[in-house]
Amino acid sequence: MKISEELRRRVVIRIQSIMDMLNSESGGRLRWFYAFGTFLEFMASRTFSLNYDIDIAVFYEEPVEGQLRGGFATYGYRLDGAIRNDVTGKPFNLHFKPDHETLAGTPTVDIFFLYPYGSRRIYTYDVEREGKEIPSNYLFKVCPRRWLEPTDGDIQFALRGCSPEQRRILNEKTGIWRYHLYEPDSQYEFPVPFNYGSILDLMYPGWWYRQNYKGQSKSLEVIKVKSCKELHKRGS
Amino acid sequence: MAYFNFERKTLAIQDMKVMHQAAKEVGIADYLFVSFGLLLGICREHDFIGHDNDIDMCVLADKITKDQEDQYYAKLTAAGMFQAREEVTRRKDTGRITWFSLRKRANRSKFCHWFCFEWNGYLWHTKAGRWVKQTKFQRDHLKFEDTDEAILQGTPADYVYPLQEAKFKDMTVRIPALPGAVLDWCYPGWWLPKSGGSSSHRVLCRVPRWNDTTRWSINVSTP
């Protein structure tokens, strides 16, 4: 079912409203950004078609599950699955499905919680499609932290070289760029992490070819564990 | 106003093909690659950047000999590529080229070639002594003397090596291994077009004397 432009905008603003309402533990707004296939589609093709599932990333240490569940429920989504840490019960992934007639035909939303693992952030999902919250095996992919978590120096350096338009879309505290969708300065925003070019290189080699990029994100390494106890041991 | 119309793009591609052919004939084609503004255009727009009238090519100077460099220059000269513009900078110690700028005719694009080399984990490019001036780099950013022989600008070498092939128009060109990382480094916020400007001066190196690397000093920009 083709999604109308009006419905597409409605979905975008709903998700934006949900995510922008979340509060960070450290005070202020939560850092969040579009990730994986959603991120690739936008960066490589300049579209946010909603033809694919929507992927969003937040940082693991933010205790926002309750806020997320409430927010998505308010806007017509239900929690349809999760992958959790078998030691703490905290989510690595929450899978929301549209549950209201006004969202018929629109994609599911996956929230990935990026787990801090030394100099890296790692992420996982229901890789083996078991449908269980505690999978038989956890398979984590890896992204260097420096690409997601710029220093103040990185951000200030970027601001110095930016145009006024670029400066307006860079959050000085988080380093997240909030590009505008559809029209310049529109209310519809597409947050991406600071070093988005580096992330594209890592996860989607050849991204600049801008063809229909099939397949999952690549990773520098894959971490496989049976229990998150092993993560906590190997971890930092 | 956009510089690149259809005719200029066509001519620019013709000129790039001449350069690539010359590079192939002298055996340096594997070390000639696209970077800076042209890399940004390829990755972001699959095209030249509209306002960019100065197209950047790079050469891995460490991988080629001085003879090859001279032969490449001679072939471009013979092909008339320097007719409307010819500027060169060289290292004072070896006479090796660090940069040149060419233009075949007034109605065609300027091209510059940066002859890059690796040192201390970075790939460096420079206009040698031409860059030793306040208007290019502020002294509060890098402490340098008017008598210095060069200021270099660096990109992490592992963002560039190994070069890879990419299709551009009807050509195959070489680009850095991690083009996105290079763009993040050189042009923060690159996905949103911005008119004008040069690559960021994130890492600079002061070269008092080319032939004395013990005196070279790297400065990493911290606002």
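We now turn to the structure provided with this report. (Residues numbered from 1 in each chain as written. Chains lettered and ligands numbered in written order. Predicted model: local features only at pLDDT ≥ 70, side-chain atom pairs only at ≥ 80, totals over all residues. Heavy atoms only, no water.)

### Comments concerning the packing of helix α2 (residues 36-45) of chain A against helix α7 (residues 196-203) of chain A
Residues and elements named next belong to chain A.
And step 1. At a closest axis distance of 11 Å, the pairing of α2 and α7 adopts a crossing angle of 115°. Considered as vectors, α2 and α7 are oriented roughly perpendicular to each other. Note on packing geometry: the crossing formed by α2 with α7 is left-handed. Contacts from Phe36, Phe39, Leu40 and Met43 of α2 reach α7 at Tyr196, Ile199, Leu200 and Met203. (Axes fitted to C-alpha atoms, helices over the stretch in contact; angles between N-to-C directions. Helix = DSSP H or I, 4+ residues; strand = E, 2+ residues; numbered from the N terminus. Parallel < 35°, antiparallel > 145°, perpendicular 65-115°, else oblique. Left-handed = near helix turned anticlockwise from the far one by under 90°. Contact = heavy atoms within 4.5 Å.)

### As for the side chain of B:Ser101
Residues and elements named next belong to chain B.
And step 1. Here serine 101 lies in strand β4 (residues 97-103).
And step 2. Take serine 101: its relative accessible area is 1%, and that puts it in the buried class.
And step 3. Within the local environment of serine 101, its side chain forms a polar contact with the side chain of arginine 85, the two groups lying 2.5 Å apart.
And step 4. In this structure, serine 101 is in contact with Phe82, Arg85, Glu86, Glu87, Lys110, Phe111 and Cys112, ignoring residues within four places of it in sequence. (Buried < 20%, exposed > 50% of the residue type's maximum accessible area, 1.4 Å probe, protein only. Polar contact = N/O pair within 3.5 Å; in protein donor to acceptor, adjacent residues only side chain to side chain.)

### Considering the pattern of salt bridges
And step 1. For the structure on display, the rule yields 31 salt bridges over all chains.
And step 2. Where A:Arg178 meets A:Glu189, a salt bridge forms, and the shortest distance between an N and an O atom there is 2.5 Å. Of this pair, A:Arg178 sits in strand β8 (residues 177-180) while A:Glu189 is found in strand β9 (residues 189-192), placing the two residues 11 residues apart along the sequence.
And step 3. Between B:Glu87 and B:Arg130 there is a salt bridge, with its nearest N and O atoms 2.3 Å apart. Remark: B:Arg130 occurs in the loop between β6 (122-125) and β7 (150-156) and B:Glu87 occurs in strand β3 (residues 85-90); sequence separation between them is 43 residues.
And step 4. Residue B:Glu87 is classed as partly exposed on the basis of its relative accessible area, which comes to 21%.
And step 5. Salt bridges sharing partners connect three or more residues here, namely A:Glu5, A:Arg8, A:Arg9 and A:Glu183. (Salt bridge = Lys/Arg side-chain N within 4 Å of Asp/Glu carboxyl O.)

### Observations concerning α2(A)
Residue and element names in this part refer to chain A.
And step 1. Of all 10 residues in α2, eight are buried, a share of seventy percent or more.
And step 2. Among the residues of α2, those classed as buried are Phe36, Thr38, Phe39, Leu40, Glu41, Phe42, Met43 and Ala44.
And step 3. One or two residues past the end of α2 sits arginine 46, with phi positive at roughly 60°.

### Considering the interface of chain A and chain B
And step 1. The interface of chain A with chain B comprises 25 residues on the first partner and 26 residues on the second.
And step 2. Between chain A and chain B lies a buried interface of about 2,500 Å² when both sides are counted; carbon and sulfur atoms form 59% of it.
And step 3. Three residues stand out in chain A for area buried against chain B, namely A:Arg46, A:Phe157 and A:Trp208, and they jointly supply 29% of the buried area on that side.
And step 4. Seen at the junction of chain A and chain B, the total is zero salt bridges.
And step 5. Scanning the region where chain A abuts chain B turns up 11 residue pairs in polar contact (both at pLDDT 80 or more).
And step 6. Elements with a contribution of two residues or more to the side of chain A that touches chain B: α2, α5 (152-161), α6 (164-169), β8 and α7 of chain A.
And step 7. Ranked by residue count, the leading element in the side of chain A that touches chain B is α5(A), at six residues.
And step 8. Its residues placed into classes, the side of chain A that touches chain B shows 12 nonpolar, eight polar and five charged. (Buried area = accessible area lost by both parts, 1.4 Å probe. Nonpolar A, V, L, I, M, F, W, Y, C, P; charged D, E, K, R; others polar.)

### Describing the pairing of strand β5 (residues 109-117) of chain A
Residue and element names in this part refer to chain A.
And step 1. Most of β5 sits out of view: eight of its nine residues are buried.
And step 2. Sheet analysis places strand β2 (residues 54-59) next to β5, joined by six bridges and oriented parallel. Bridge assignment links phenylalanine 59 to a residue of β5, and that residue is leucine 114.
And step 3. Of the strand pairs in this sheet, strand β4 (residues 91-98) and β5 are connected by four bridges, and their pairing is antiparallel. From the neighbouring strand, phenylalanine 96 faces β5, where its bridge partner is valine 109.
And step 4. Direction of pairing for β5 relative to strand β6 (residues 120-123): antiparallel, over a ladder of three bridges. By the bridge assignment for β6, proline 116 is matched with arginine 121.
And step 5. Hairpin remark: β5 followed by β6, antiparallel, with two residues in the connecting loop; positive phi at glycine 118, about 65°. (Pairing = 2+ DSSP bridges.)

### With respect to the environment of A:Asp126
Residue and element names in this part refer to chain A.
And step 1. Counting through the fold element by element, aspartate 126 comes out in the loop between β6 and β7 (138-144).
And step 2. In sequence terms aspartate 126 and leucine 139 are 13 residues apart; their C-alpha atoms lie 8.7 Å from each other.
And step 3. At 3.0 Å, the side chain of aspartate 126 and the backbone nitrogen of glutamate 130 are in polar contact.
And step 4. Among the polar contacts listed, one links the side chain of aspartate 126 to the backbone nitrogen of glycine 131, at a separation of 2.9 Å.

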